[in-house]
Every structure is written in C-alpha cells, then in structure tokens.
Amino acid sequence: MYSNQVQISNLTLVNSPSWNVHPIYSRSIPSPFSYNQFCFFMHIFVSIVTRIRNCSDIIIQHLTIIAPIDSPNTDGIDPDSCTNTRIEDSFVVSGDDCIAVKSGWDEYGIKFNMPTKNLVIRRFTCISPDSATIALGSEMSGGIEDVRAESITAINTQSAVGRGAYVKDIYVRNMTISTMKYVFWMIGSYGQHPDPGFDPKAIPIIKGINYKDIVADNVTYSARLEGIKNDPFTDICISNVNIKLTEKPKELQWNCTDVQGVTNRVTPVPCNLLPQKEIDCPFPEARLPIEDVQLKTYSVTGYFS
C-alpha cells in the first residue's frame, strides 16, 4: 500500500485461522493517500484482514488477541521486514508465538534484503504454553537489528525470547515470567526451509544479545543456548536474573554449546561459556524515533454499506 503512519489500536481479535497481525515490508516511502484518508481506510480495512504491506511508522497498541492454546500458527503479532514499529499495552493468548519478529525466509529473504529494525515492544503480556513470548525468527534471512523489549509478562509459556538467524543488538529488560519451560532459548539448528533452493553456506551472525532485570518462577530449564559449530553466537550478556525452579526441574539447567558471553548476578549459576563478570548489561537510553510518534485518531460519522 506504500503508506506510512499505520495505527492499529483498541481491537479484539478472536480465533484467527493463522497469524493475527502481520505488518510486512515496512519502510519510509511516499503514500498515495493523505494521512487522514489512510487512517479512515485502515479503520475499515483492519476489521477484514490485518496484513499490512509497505508501511512505515507502525503503532500497534491496546490489542487483545485470543486463540486456542492448541492451535498452530496463530501468532499474535508478526512484524516482518519492518522499520520503526512500536508494539505496546497488548495481551495475547496463542497456540504459537505471541510476537514473532521476521524478515524473510532463506534465499527469498536474502534477495529481498529488508531487515526488521528499530522495533520497540513494551508493556506486553503473553500466554502461550507451546511457543515463545517473543521469537526472533525463524524466517530471518533479511536480518533483525535494534530490538528493545521491556516490561514483559509471560505466563505459562514455552520460552521467553526465542530462536533466530541473523540477529544483532537485541535488548530486553524488566521481564516477569511464570510457569516457563525455558527462560532463555536460542537455537541455530531450526531446520525448516521453504524449498530445496536455500544456500547451506548462508551462515547467520548472532551477536549483541542483552538481557537484564528478569524474575522467573516455576521454571523447568533456565536456558538452552545452542549456537552453530564454527559460527558461535557471541556477545551475549545476562545480568540480574533470578530464576526459581519447578518442583521437578531438569538436572542440567544451562545447556550451552557454541556461545560466548558474560553473566552477572544470575541464579541458577550459568554455564562455563558465560562466565561471571561485574557488568550491568546495556539497554539504550537514547530513544528511537518511533517512541515519540503520537497515536492520532480520525472520526467518521454516517452510514456505510
């Protein structure tokens, strides 16, 4: 639609057969509509389908999304190859990821080459017993960069921040987690492909993943961190994390291979690949431009058929 300033707010979406909200190919490009015209069109359009193409400055707030917890592919919100997106003050119950950050799949994402970047997620609650609160991927071949998530509540969820491919400069703080299989889950071997044409030599880069100020209760595994042989996930930082385990936790709490980083004030004690260092993991203080974009409204009166 070649539009900017997309707003989706104050909606309840129930029992979608697939992904609920899917902004895709977001960038700053000229719009054929005036801003007020576009707000009106979006008001009508979003009640029919919530896949928005070619938009920039996206605000998604005050959404309630409900799907059966055993329903596959019912992601809540999936920003896909988007720049400047803000997701806030929303509640999702899903059979899949509550938020899945994407940027194209294998050779198609590489060719299109449009990352998701400058993404803010805050004041967000997720219930998803079989999937992630925030998944980075798995369709990640355009890249993910500068994601900031804070004030997140995850209840009865498989993992907090999930799998990924090319991912860098990720910042997470102030999470409250209850009844979780994994608090931290990163995996480099998520092996689904759209077709046989993918490039097996297209090795991802995962670096600069930062977590701080997390409280978790009733957890089975603290972490499963599996990088790629000869291509480790690097610059992982985890600080001020208190994980309380379920009554029957797994004996190996930190399962780490092919990762590098540091930790500080983390319980249970992390794996040897993430040694203790007196550090407070970073979270940028400078605001992203999307944080200062104000939600606007447009009222229409009359009858429509």
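Presented here is a report on the structure given in the accompanying data block.

What follows concerns the overall build of the protein chain. Looking only at helices and strands, one finds two helices and 15 strands in the protein chain. The burial tally for the protein chain puts 51% of its 305 residues in the buried class. Within the protein chain, contacts between residues at least 6 apart in sequence are counted, and of these 81% link residues at least 24 apart. About 14,200 Å² of surface is accessible on the protein chain, with carbon and sulfur atoms providing 51% of the total.

Counting across every chain of the model gives twelve salt bridges. The salt bridge partner of E291 is R122, with a shortest N-O separation of 3.1 Å. Taken together, the positions of E291 in the segment after β15 (259-267) and R122 in strand β7 (residues 116-127) put the pair 169 residues apart, joining distant regions of the chain. Assigned by exposure class, E291 and R122 land together as buried. Here E226 ties to R224 by a salt bridge, and the two come within 2.8 Å at their closest N and O atoms. The exposure class assigned to R224 is partly exposed, which follows from its relative accessible area of 22%. The structure contains a network of salt bridges with shared partners spanning R86, E88, D89, R122, R123, R287, E291 and D292.

Time to look at the packing of aromatic side chains. With the rule as written, the count across this model stands at five aromatic pairs. On the numbers, 6.0 Å between centres and 35° between planes, the contact of F184 with W254 is tilted. Linking F184 in strand β11 (residues 167-187) with W254 in strand β14 (residues 254-257), this pair joins segments that are 70 residues apart in sequence. Sitting over the ring of F283, R173 keeps its end group 3.8 Å from the ring centre.

With respect to the secondary-structure elements, N73 resides in the loop between β4 (55-66) and β5 (83-93). Distance from N73 to S94, taken between C-alpha atoms, is 8.7 Å for residues 21 residues apart in sequence. Beyond its immediate chain neighbours, meaning those up to four positions away, N73 contacts S18, W19 and D96.

The omega angle of the peptide bond from T267 to P268 is -5°, so this bond is cis rather than trans. Turning to its location among the elements, P268 is positioned in the segment after β15. The backbone phi angle of D146 is positive, close to 60°, even though this residue is not glycine. Summarising the element assignment, D146 is placed in strand β9 (residues 144-157). In this structure D146 comes out as buried when scored by relative accessible area, which is 15%.

This brings us to the pairing of strand β13 (residues 233-245). Bridge count between strand β12 (residues 206-226) and β13: nine bridges; the pairing is parallel. When the bridges of β13 are listed, N210 appears paired with C237. Looking at chain direction, β13 and β15 are connected through seven bridges and run parallel. Pairing of I238 across the sheet is with T263, part of β15.

Moving on, we come to the pairing of β14. Side-chain positions along a regular strand alternate between the two faces of the sheet. Alternating residues of β14 divide into W254 and C256, all buried, and N255 and T257, none buried. Of the pairings in the sheet, the one linking β12 to β14 comprises four bridges and is parallel in character. Each bridged residue has a counterpart across the sheet, and for A223 the counterpart in β14 is W254.

Turning our eyes to something else, we now look at the nonpolar core. Core analysis: the biggest nonpolar cluster contains 56 residues, and I77, I121, F124, F184, L225, I238 and W254 have the highest contact counts within it. When residues in this core are grouped by element, the largest group, nine residues, is from β11. Apart from the residues within four sequence positions on either side, I238 is in contact with F184, Y211, W254, V262, T263, N264, V266, L274 and C281. Within the second largest apolar cluster, five residues are counted, among which are V120, L288, I290 and V293.

Thresholds applied
Residues numbered from 1 in each chain as written. Predicted model: local features only at pLDDT ≥ 70, side-chain atom pairs only at ≥ 80, totals over all residues. Heavy atoms only, no water. Helix = DSSP H or I, 4+ residues; strand = E, 2+ residues; numbered from the N terminus. Buried < 20%, exposed > 50% of the residue type's maximum accessible area, 1.4 Å probe, protein only. Contact = heavy atoms within 4.5 Å. Areas by Shrake-Rupley, 256 points an atom, 1.4 Å probe, with all protein chains shown as cover. Salt bridge = Lys/Arg side-chain N within 4 Å of Asp/Glu carboxyl O. Phe/Tyr/Trp six-rings, centres within 6.5 Å; stacked < 30°, edge-to-face > 60°. Lys NZ or Arg CZ within 6 Å of the ring centre and 35° of its normal. Pairing = 2+ DSSP bridges. Core = buried A, V, L, I, M, F, W, Y, C linked by side-chain atoms within 4.5 Å.

The analysis is restricted to geometry; functional conclusions fall outside its scope.
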